[in-house]
Every structure is written in structure tokens, then in C-alpha cells.
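Here is how the chains run, residue by residue.
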Amino acid sequence: MDVDGKVAVVTGSGRGLGRAYAEALAAAGAAVVVNDVDGQAAQEVVDAIAKEGGRAVPVVAPVGDSEVADRLVATAVKEFGRLDAMVTNAGILRDRVLWKMSDDEFDDVIRVHLRGTFTCARAAAQQFREQGEGGRLILVASPAGQRGNFGQTNYAAAKAGIAAMARTWAMELAKADVMVNAVVPVAATEMTRTIPAFAPAIEEAERTGAPLPRWLRRDEGLGTVEDVAALIVFLASNASAGVTGQAIGIGGDRLALWSHPAEKTVEYSQDGWTAEGIAASWSAGIGAEPESYGIPAPQGR
């Protein structure tokens, strides 16, 4: 997939998924602004891209504030002349069950994931509108935001908000020809390595260099960070014209389109509902087949 001549910002791209996104975009011809809080990691990515003949510059800063978002866009324009894609990947984890989560643990995650996505997307949208040639907002969501996940109140809330923002911004930026989508990635990262059902297979693949087993790649939809990067390149390319407002999952051998929240079952009561009427109707009515919640447990082999 060719993105030659395009310019992208990838936040949180010093390692893991973000690095894979930056390197894949550069390999496909894009110039990349590599952002991370770790200056050494960011420079290593820039150097790796340059070694392969690509173009990249680092910006070392934590996303969240408007000043950082504006700096990322300004760097893209100053160094490469324009901006074509903003990939909002930066994130942190502060996992804790509800009754033990502190204000700071909640706020820190929301600041980086949700506010960071907002400020970076806003800065990019302003640049896209000024250029008048369209653009791409590629927002990184998560299965936790689609279904919830134990111990991740802050993270799940932020990622659910990111998917909602993708749908909203797709409407708001349609006339500017800006495509906005949420990516729902699943890959072998530091977080998934802690899942007992996955850990042995991931460790074995890393030790031997062999591919992850088929049951993991296909049944669980979990592969390498490079597997996920293909979707980022597609969404940054001209081939994705008209693809907007979607939540798209990818991992291993699996590519999926997530559904939007929608009314599943509806009942009516003339003159409205009483609490007693809802209770009497619930089990045989709209509550007969309640929705599941939480990320399904891995099935293993």
C-alpha cells in the first residue's frame, strides 16, 4: 500500500504498537513525526526509519495539553510541509478495581488517552481544514472500551470515549473530506504477555523466532504488532477514501468490523411505564436475553 508523499504524526511511537505504526508508515513512503515521552526510544525509531531510507523526526513530549498537540502538527508542517494523518496511539495504564482506584490514577489515564486524543485530533483537524485537501484521523481504541474489562475503569472509559469521538468527528469533518476511524488492536504487547493463557505461546515464539500458533492468531485474533500496522497504513492511504466513522478490529489473522451501540429489543406500554410494569415485563420482555459484558476469556488450544 503506497502512502508516498504523505506526512503522519504517530503519538506514543517509541515502542510497541506505536513504533510498528510509525515504521510501517515510513516503509510505505510516508514521512513520520515520532512522538514519545522517552527521548532515547523516539530517537531509536527515527534512526531505524532513516536506516531503511525513510524520513522521520522526533518530538519528545507527553500528549494531553494543547501546546503539545500544536507542536506535533507544527513540526510535521515545518519539517515536511504538510500533515495528512494523525495517529493517536499514546497511552498509559493505571489498573485498579473501582474501590481502590485513586483520583490521580483515573485522571492520568483519561488525560493521556482521551484528552490526548482530543487535543491531537483537534490540532490535526484545524490543519486539514486549512490545507483543504482532506486528511485522516486514526484513533486507537481497545476491546476494553467496546466491552469493558475488570480493573480498567479509567482505560475502558477512555477507549469507549475514543470510539464515540470517532463517530462524532466523522460527521463533523465529512465536508472537509477527513476520514475518522477507531482502530481496535489486539497484539502481543507487554499487557497481553501478562495473560496466563497467552504468555507461554508468546514467550515460546519470542525465544525461537517461530510464528505465533494458529489457534492464537486465528481463534483469539492475537498476533504481532506488525500485523496491526497494516490497518494503519490502509487507513492513511487513498484506498480508504469513504471509510469513516467505523471501529475496526485487527489482530493476528482476524480483521473485524465492530458494531455500533444500538437498540436490541423494544417494548411499548400505552401511556408510559411504571416501575411495577417494567418489573412484570422484564424477564419475558426486553430482559429475556441480556447483553454480555467483559472481554471473553481466552479459550486456549
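Note that the structure is predicted; figures quoted are calculated from it, not measured.

(A) Region of interest: the pattern of salt bridges. Summed over the entire model, instances satisfying the criterion amount to eleven salt bridges. One salt bridge in this structure joins Asp-36 and Arg-15, with 3.9 Å as the shortest N-O distance. Of the two residues, Asp-36 is situated in strand 2 (residues 31-36) and Arg-15 in the loop between strand 1 (7-10) and helix 1 (16-27); the sequence distance between them amounts to 21 residues. For Asp-36, a relative accessible area of 7% corresponds to the buried category. Note that Arg-96 is salt-bridged to Glu-105, the shortest N-O span being 2.4 Å.

(B) Focus on the layout of surface pockets. The volume enclosed by the second largest pocket comes to roughly 380 Å³. As for the second largest pocket, its lining consists of 15 residues, of which Gln-146, Arg-147, Ser-259, His-260 and Pro-261 are closest to the centre.

(C) Region of the structure containing the nonpolar core. Judged by nonpolar contacts, the single largest core of 39 residues is most densely connected at Val-33, Leu-72, Leu-137, Trp-169 and Val-180. Contributing elements (two or more residues each) for this core: strand 1, strand 2, strand 3 (55-60), helix 3 (66-80), helix 4 (103-131), strand 5 (135-140), helix 6 (153-172) and strand 6 (178-185). Among all residues touching Val-180, those that are not within four sequence positions of it are Leu-137, Leu-139, Ala-166, Trp-169, Ala-170, Leu-173, Thr-244, Gly-245 and Gln-246. Counting 34 residues, the second-largest nonpolar core is a separate cluster that includes Ala-20, Ile-138, Val-140 and Val-233.

(D) Examining the packing of helix 3 against helix 4 more closely. Packing of helix 3 against helix 4 brings their axes to within 8 Å, and their N-to-C directions diverge by 40°. By the angle class used here, helix 3 and helix 4 are oblique. Here the hand of the crossing between helix 3 and helix 4 comes out right-handed. Facing helix 3, whose interface residues are Ser-66, Ala-69, Asp-70, Leu-72, Val-73 and Val-77, helix 4 presents Thr-119, Cys-120, Arg-122, Ala-123, Ala-124 and Gln-127. A class-by-class count of the residues in the contact of helix 3 with helix 4 yields seven nonpolar, three polar and two charged.

Rules of the game
Residues numbered from 1 in each chain as written. Predicted model: local features only at pLDDT ≥ 70, side-chain atom pairs only at ≥ 80, totals over all residues. Heavy atoms only, no water. Salt bridge = Lys/Arg side-chain N within 4 Å of Asp/Glu carboxyl O. Helix = DSSP H or I, 4+ residues; strand = E, 2+ residues; numbered from the N terminus. Buried < 20%, exposed > 50% of the residue type's maximum accessible area, 1.4 Å probe, protein only. 1 Å grid on protein atoms, 1.4 Å probe; cavity = no way out; pocket = protein on both sides within 12 Å on 5 of 7 lines; lining within 4 Å. Points joined across faces, edges and corners; volume = space filled by probe spheres on them. Core = buried A, V, L, I, M, F, W, Y, C linked by side-chain atoms within 4.5 Å. Contact = heavy atoms within 4.5 Å. Axes fitted to C-alpha atoms, helices over the stretch in contact; angles between N-to-C directions. Parallel < 35°, antiparallel > 145°, perpendicular 65-115°, else oblique. Left-handed = near helix turned anticlockwise from the far one by under 90°. Nonpolar A, V, L, I, M, F, W, Y, C, P; charged D, E, K, R; others polar.

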